[in-house]
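A closer look at the structure
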Amino acid sequence: MNFQRVLLLVAIGGLLVMGISAASFGGDKPLYVDGIDAAFPPFSYIDKDGNPTGFDVEVIRWIANEMGFDVKIVPVDWDAIIPTLKAGNIDFIASGMTITPEREKQVDFTDPYWKINLAVVVRKVNQDGALVPQYNIFSAVSPGRTIGVQRGTTSQTWLEENLIDKGVGIKLKVYDNFLLAIEDLLIGRIDAAVIDAPTAQAAIAGRDAAIVGTINTGEIYGYAVRKGDTKLLSLLNEGLKRIKASPEWDRLVEKWLIGG
Ligand code: ARG
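Quick look at the structure, then. (Residues numbered from 1 in each chain as written. Predicted model: local features only at pLDDT ≥ 70, side-chain atom pairs only at ≥ 80, totals over all residues. Heavy atoms only, no water.)

**Topic: the nonpolar core**
- With 57 residues, the main nonpolar core has Phe55, Val59 and Leu236 as its most contacted residues.
- Of all hydrophobic cores here, the second largest spans 13 residues; its members include Val76, Trp78, Ile82 and Met97. (Core = buried A, V, L, I, M, F, W, Y, C linked by side-chain atoms within 4.5 Å. Buried < 20%, exposed > 50% of the residue type's maximum accessible area, 1.4 Å probe, protein only.)

**Points about the site of the ligand**
- Taken together, the neighbourhood of the ligand is formed by 13 residues, with Asp37, Ser95, Thr98, Arg103 and Asp196 sitting nearest.
- Between the ligand and Ser95 there is a distance of 2.4 Å, counted from a nitrogen atom to a backbone nitrogen or oxygen.
- Between the ligand and Thr154, the relevant distance is 2.9 Å, taken from an oxygen atom to a main-chain nitrogen or oxygen of the residue.
- Here the ligand loses 100% of its free accessible area of 340 Å² to cover by the protein chains.
- Under a 2 Å grid-point criterion requiring more than half of the atoms, the pocket assigned to the ligand is the largest cavity.
- Taken together, the residues of the shell around the ligand sort by class into 4 nonpolar, 6 polar and 3 charged. (Near = heavy atom within 4 Å. Polar contact = N/O pair within 3.5 Å; in protein donor to acceptor, adjacent residues only side chain to side chain. Areas by Shrake-Rupley, 256 points an atom, 1.4 Å probe, with all protein chains shown as cover. 1 Å grid on protein atoms, 1.4 Å probe; cavity = no way out; pocket = protein on both sides within 12 Å on 5 of 7 lines; lining within 4 Å. Sits in = over half its atoms within 2 Å of the grid points. Nonpolar A, V, L, I, M, F, W, Y, C, P; charged D, E, K, R; others polar.)

**Considering the pairing of strand β12 (residues 192–196)**
- The buried fraction of β12 is high, at 5 of 5 residues.
- Examined bridge by bridge, strand β8 (residues 114–127) and β12 share 5 bridges and lie antiparallel to one another. Among the inter-strand pairings, Val121 is bridged to a residue of β12, identified as Ala193.
- Summarising the sheet, strand β10 (residues 146–150) and β12 pair through 2 bridges and their orientation is parallel. Counterpart to Ile147 in the pairing with β12 is Ala192. (Helix = DSSP H or I, 4+ residues; strand = E, 2+ residues; numbered from the N terminus. Pairing = 2+ DSSP bridges.)

**Some details on the sheet that holds strand β2 (residues 39–40)**
- Taken in spatial order, the 3 strands line up as β2-β3-β4 in an open sheet, and their pairing is antiparallel. Edge positions in the sheet fall to β2 and β4 (52–53), since each of these pairs with one other strand and no more.
- Alignment of strand β3 (residues 44–46) against β4, held across 2 bridges, turns out to be antiparallel. Paired with Ile46 across the strands is Pro52, a residue of β4.

**Description of the sheet that holds strand β14 (residues 224–226)**
- The 5 strands lie next to each other as β5-β1-β6-β14-β7, forming an open sheet whose pairing is mixed. This sheet does not close on itself; its edge strands, each paired only once, are β5 (70–75) and β7 (107–109).
- Here 2 bridges tie strand β6 (residues 92–93) to β14, and the two strands are oriented antiparallel to one another. Counted as the bridge partner of Phe92 is Val225 from β14.
- Across the sheet, helix α2 (residues 55–67) is in contact with β1 (31–36), β5 and β6; its angle to β5 comes to roughly 160 degrees. (Contact = heavy atoms within 4.5 Å. Axes fitted to C-alpha atoms, helices over the stretch in contact; angles between N-to-C directions.)

**A few points about the packing of α2 against helix α10 (residues 247–258)**
- At a minimum axis separation of 10 Å, α2 and α10 run at an interaxial angle of 160 degrees. Between α2 and α10, the angle is such that the two are roughly antiparallel. In this structure, the crossing between α2 and α10 has a hand that is right-handed. Of α10, the residues touching α2 (which contributes Phe55, Glu58, Val59 and Trp62) are Glu248, Trp249, Arg251, Leu252, Val253, Lys255, Trp256 and Leu257.
- Looking at the contact of α2 with α10, its residues break down into 8 nonpolar, no polar and 4 charged. (Parallel < 35°, antiparallel > 145°, perpendicular 65-115°, else oblique. Left-handed = near helix turned anticlockwise from the far one by under 90°.)

**Observations regarding the pairing of β8**
- Across 9 bridges, the pairing between β8 and strand β13 (residues 209–221) is antiparallel. Looking at β13, one finds that Lys115 is bridged to Ile220.
- Two strands pair when backbone bridges link them, and β8 and strand β9 (residues 130–133) are joined in this way by 4 bridges, in the antiparallel orientation. Counted as the bridge partner of Gln127 is Ala130 from β9.
- Remark: 2 residues form the turn of the hairpin made by β8 and β9, two consecutive strands paired antiparallel; Asp128 in that turn has positive phi of roughly 50 degrees.

Following this line, the structure appears as structure tokens:
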């Protein structure tokens, strides 16, 4: 066998080895871990079969498929989600997170993808044989009321900065997730609860509670990555650009955010 044929065989052998390894490992897509709050419908939550779902979850799965990465979705306590990202235990956060200057010091955000206001929720009570909201927007947040919020949210900060710090005598009851606040509201442990309007709407569907008004904070959602993780940031931004340009965006908005 001459030298050239040996080289050729070595090259073919190399190609075969590469081909076999690619096939048996199913390619080598990078894997990114997405941390979510598991109790934040309609953006991210765990359904009754134990599977992560919601608008953000479906958007991220579409983007991962489109941009060629694998994604693992894990629940994390909201209050600990930024420290968990910084510690490297998750790679990004896709869970209805508002872009705030305070958070921008700690993480990098993608381009905005949704805008929300805060909703004030109260219990419905029986009055002359009809179920009506117990308070209106003014009486719901007036002195003496106890208001439920989720720990570490813009709702908590808004009520602290705009009412409590200015001397309005309301009390806050702080919960690990918003669904717990709604349970307490329904049994009369708190007078009102405040959270992002789409979540308020999803959480009270079919229950004896009502939204009596909104606080127009005009918050903008983005996905968060570790500071300086430009590679993942551009994958997510390019993915967002593509999904917004595809019919899938309208389908998911309709399914999760408008249709209900
Ligand atoms: N958008 C609000 C914030 O960023 C509320 C978020 C609450 N929880 C959640 N999983 N997104 O503070």
